[in-house]
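Each chain, written out:
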Amino acid sequence: MFYREAGDFKTSYRDDGQTFPIRLDRWGYYAILAVAFLVVPLVIDSYWANAVLVPFLIYAIAAIGLNILTGYAGQVSLGTGGFMAVGAYAVYKLMTAFPGVPIVIHVLLAGAITAVVGMLFGLPSLRIKGFYLAVATLAAQFFLVWLFNKVPWFYNYSASGQINAPERTMFGWAVTGPATTASAKYLVCLCFAVALAWVARNLTRGSVGRKWMAIRDMDIAAEIIGVNPLTAKLSAFAVSSFFVGIAGALLFAVYLGAAEASEAFGINKSFLILFMVIIGGLGSIFGSFAGAAFLVLLPVFLKNVLVAQFGWPTDLAAHIELMIVGALIVFFLIVEPHGLARLWALTKEKLRLWPFPH
Amino acid sequence: MKLKLATVALGAFMAAAPAMADLVVPNLSYRTGPYGANGTQYADGFNDYFTLLNERDGGIGGEKIQTPECETAYNTEKGVECYESTKGSGALVYNPLSTGITYQLIPKVSADKIPLYTPGYGRTSAKNGKVFEWVFNAPANYWDGASVAIKYLLEQNGGDLNGKKIALVYHNSAYGKEPIRTLQDLSKKHGFTLTELPVDPPGQEQKSQWLQIRRDKPDYVLMWGWGVMNQTAIQEAANIRFPMENFIGIWWSGSEVDVLPVGAVANGYKSLTFNGVGTDYPLYADMQKYVVEPGKASQDGQFVGSALYSRGMYAAVVIAEAIRKAQELAGTPKITAAQLRDGFEALDITPARLTEIGLPDFGPEIKMSCDNHGGSGMARLQQWDASAKKWSLITEFTAPDQEILDPLILEDSEAYAKEAGITPRC
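Definitions and limits used
- Residues numbered from 1 in each chain as written.
- Chains lettered and ligands numbered in written order.
- Predicted model: local features only at pLDDT ≥ 70, side-chain atom pairs only at ≥ 80, totals over all residues.
- Heavy atoms only, no water.
- Helix = DSSP H or I, 4+ residues; strand = E, 2+ residues; numbered from the N terminus.
- Rg over C-alpha atoms; globule rule 2.2 N^0.38 Å.
- Buried < 20%, exposed > 50% of the residue type's maximum accessible area, 1.4 Å probe, protein only.
- Contact = heavy atoms within 4.5 Å.
- Areas by Shrake-Rupley, 256 points an atom, 1.4 Å probe, with all protein chains shown as cover.
- Lys, Arg positive; Asp, Glu negative; His and termini not counted.
- Charge placed at Lys NZ, Arg CZ, Asp CG, Glu CD.
- Salt bridge = Lys/Arg side-chain N within 4 Å of Asp/Glu carboxyl O.
- Patch = residues over 30% accessible without salt bridge, like charges linked within 9 Å, V, L, I, M, F, W, Y side chains within 5 Å.
- Axes fitted to C-alpha atoms, helices over the stretch in contact; angles between N-to-C directions.
- Parallel < 35°, antiparallel > 145°, perpendicular 65-115°, else oblique.
- Left-handed = near helix turned anticlockwise from the far one by under 90°.

Chemist: So what about the overall build of chain B? Which residues, and what values?
Modeler: A count of helical and extended segments in chain B gives 15 helices and 15 strands. In terms of overall size, chain B behaves like a compact globule, its C-alpha atoms giving a radius of gyration of 21 Å where 426 residues would be expected to give roughly 22 Å. Structurally, chain B occupies a C-alpha span of about 60 × 60 × 50 Å along its principal axes. The 426 residues of chain B split such that 60% are buried. In chain B, 72% of the contacts between residues at least 6 apart in sequence involve partners at least 24 apart. With the model as given, the accessible surface of chain B reaches about 14,800 Å², and the carbon-plus-sulfur share is 51%. If the 39 positive side-chain charges of chain B are averaged to one point and the 49 negative ones to another, these points end up 3 Å apart.

Chemist: Please provide a residue-by-residue account of the pattern of salt bridges, values included.
Modeler: Two side chains of opposite charge can pair, provided their charged atoms sit close to one another. Residue and element names in this part refer to chain B. Per the counting criterion, the structure on display carries 31 salt bridges over all chains. Close ionic contact of K189 with E403 constitutes a salt bridge, the shortest N to O distance being 3.5 Å. Pair noted here: K189 is in helix 7 (residues 180–190) and E403 is in helix 15 (residues 402–420), with a separation of 214 residues, a long-range link. According to the relative accessible area criterion, K189 is partly exposed, its value standing at 36%. Owing to a relative accessible area of 61%, E403 belongs among the exposed residues under this scheme. Here the salt bridges share partners, and the residues they tie into one network are E321, R324, R353 and E356.

Chemist: I'd like a description of a nonpolar patch on the surface, backed by residues and values.
Modeler: Residue and element names in this part refer to chain A. Among the surface-exposed residues, V35, L38, V39, L42 and V43 lie close enough to one another that they form a single nonpolar patch of about 520 Å² accessible area. Within the secondary structure, V35 sits in helix 2 (residues 23–43). The exposure class assigned to V35 is partly exposed, which follows from its relative accessible area of 42%.

Chemist: Mind laying out the packing of helix 3 (residues 76–87) of chain B against helix 4 (residues 99–112) of chain B, listing which residues take part and the relevant values?
Modeler: For any two helices packed against each other, one specifies the inter-axial angle together with the distance between the axes. All names here are of chain B. Their axes nearest at 9 Å, the elements helix 3 and helix 4 cross at an angle of 30 degrees. By the angle between their axes, helix 3 is roughly parallel relative to helix 4. By crossing handedness, the relation of helix 3 to helix 4 is classed as right-handed. Residues T76, G79, V80, Y83, E84 and K87 of helix 3 pack against G100, I101, Q104, L105, K108, V109 and D112 of helix 4.

Here you go:
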């Protein structure tokens, strides 16, 4: 009734294999893109950019990155925060060393540097898996944060060990630094998020993604049918770290503007992004966005309701917020262990048959 | 879809927030997390002083003060969210009580033209008003603190620290790292050796650092700690029987929260401070009468007079004085953030004025100017008496060694100016 595919015929394999095979879905997707690119930048203010949309987009990129590694390739990682720190410090070193180069190139290069570091820490995955690999990546998390705290070269020998993003522009528009407008921040992050989501979607449904999924489902069987575990696992680590590194670079340069390794990229960040992936849905690009939205927007929303509307004391609201978010995580995982993405898919199924379910 | 719903609902709630007409001084506080015990008392003092002004004097210059609170949990991302959500309400000044959040906000407040007041924390080189037009960190900064502590030790040792060993136990973050460069320069000047012992935040894990202290046997230990790190450090020091009177904390490591959990063995622990302690000041009588007794105090006034409460209150005193000054300069009680900045720059809190407020000898004289946003940098020492459960002041206000500090401040602020493309003013 609400959601139908009657009359929506496909006459080629190409049509059948597209990302949004149902016409209504496709239109919805184009409509959201149009609103995001054409309407939101005109109406966005700095609160919406800095407190809501920019963090949502950046965390969505990080969640896609971790989803590639954990959701598609089955390699559990707790090192996301550390890899984000690599992206942030790489972009900082590049920005300050080559001020003339456009910032977007630096962000991409920071992603590439993180990809190399990620591959290095991915090497143990050839021998170990599961919990043991999680512990190895946990070591990466602590090692990288320690390194950025310890070696003054990374923070350009500043007195406090903080890194600050100086102003850098793109086509004459400030993208980092205090003069950046809300819409410039938002648009840069949106472009990265949309482009990277598109790349991730096409990688995961192509032969590379099939290899990752084969390794995830049963590595020995995958090896027998001709998947090289070395290239499959390392490419998963490389692509995943590339995404995570870009998220870290954007988090530092565009969103926060200043960062210190242990505070901004601590173990909490790794857990946060892992929760986004689990709640959103393992092995789903849409799930990464949904999970990021859930964990970024819900606390802000609850804070606005509890403090601004009900006038509760801020500490009580903060505790209640933790309890509500925690309870909802548990609830979702019990009701739908495959995350929000599966929940959304089920909703669509139900709506297509409504009001005559069978 | 979830996103859209949340967006619509959030928008509706945002739109429904009341418009504020009074003078707005947001309180970016934290009452949760590993630093919550300390943040709570500071936030109470900050709120209560403005409540007192509203109740007793009807505000400042006839304008009531509002202090909308926002919970940051000492987390920089939440701090940014709090800044953005309160900035629209006409915020006059920010005091986030976090060096990390201060670093985030420095570029933002400079672009938005809102003063940032960071008493005793934040970026030390913001003292150079030529570069940091919108940031104020009077009465003292970390480098002042480091220098005053060394001056005190010099005094204890007859002016000679040659061959002494001093260990620095610090919070491994921007905050804890701040004094290192000053202490290194001071160690060159006075000939003591400095051992740096980082403690990873939040700071419960410091066994190995104290093991090293037990092995090296330094003559003195300095500490830059905050939150749970302080009480853990004092407990560890007691465990290895380090003489407490040779253990000196920065002002953020010197409150009741830090020593009470350790109990009797914390007796004799010293810390720096730039404000008075206890309730023996005339202002507290007013506080009792107008705020606590009518039940208008934060958390029922249970922390009135504690070290951190007093410091939060002192921050509010300085802000209130700056507002007064700004009103005088602007000729109107309804000042803007830019006018408040001028008020800060022209601020002159003399000992006489402090007595008038009801806080004689509570803090050092604060005189700011275009190039000096940090005041005199004077601080004093306090010592914990575990049996009486109170701090007592053991020195007078001491001036730091500007000969060491000035070049460092110039160097660091010029590096920032170059990085951020700022042309120094005045």
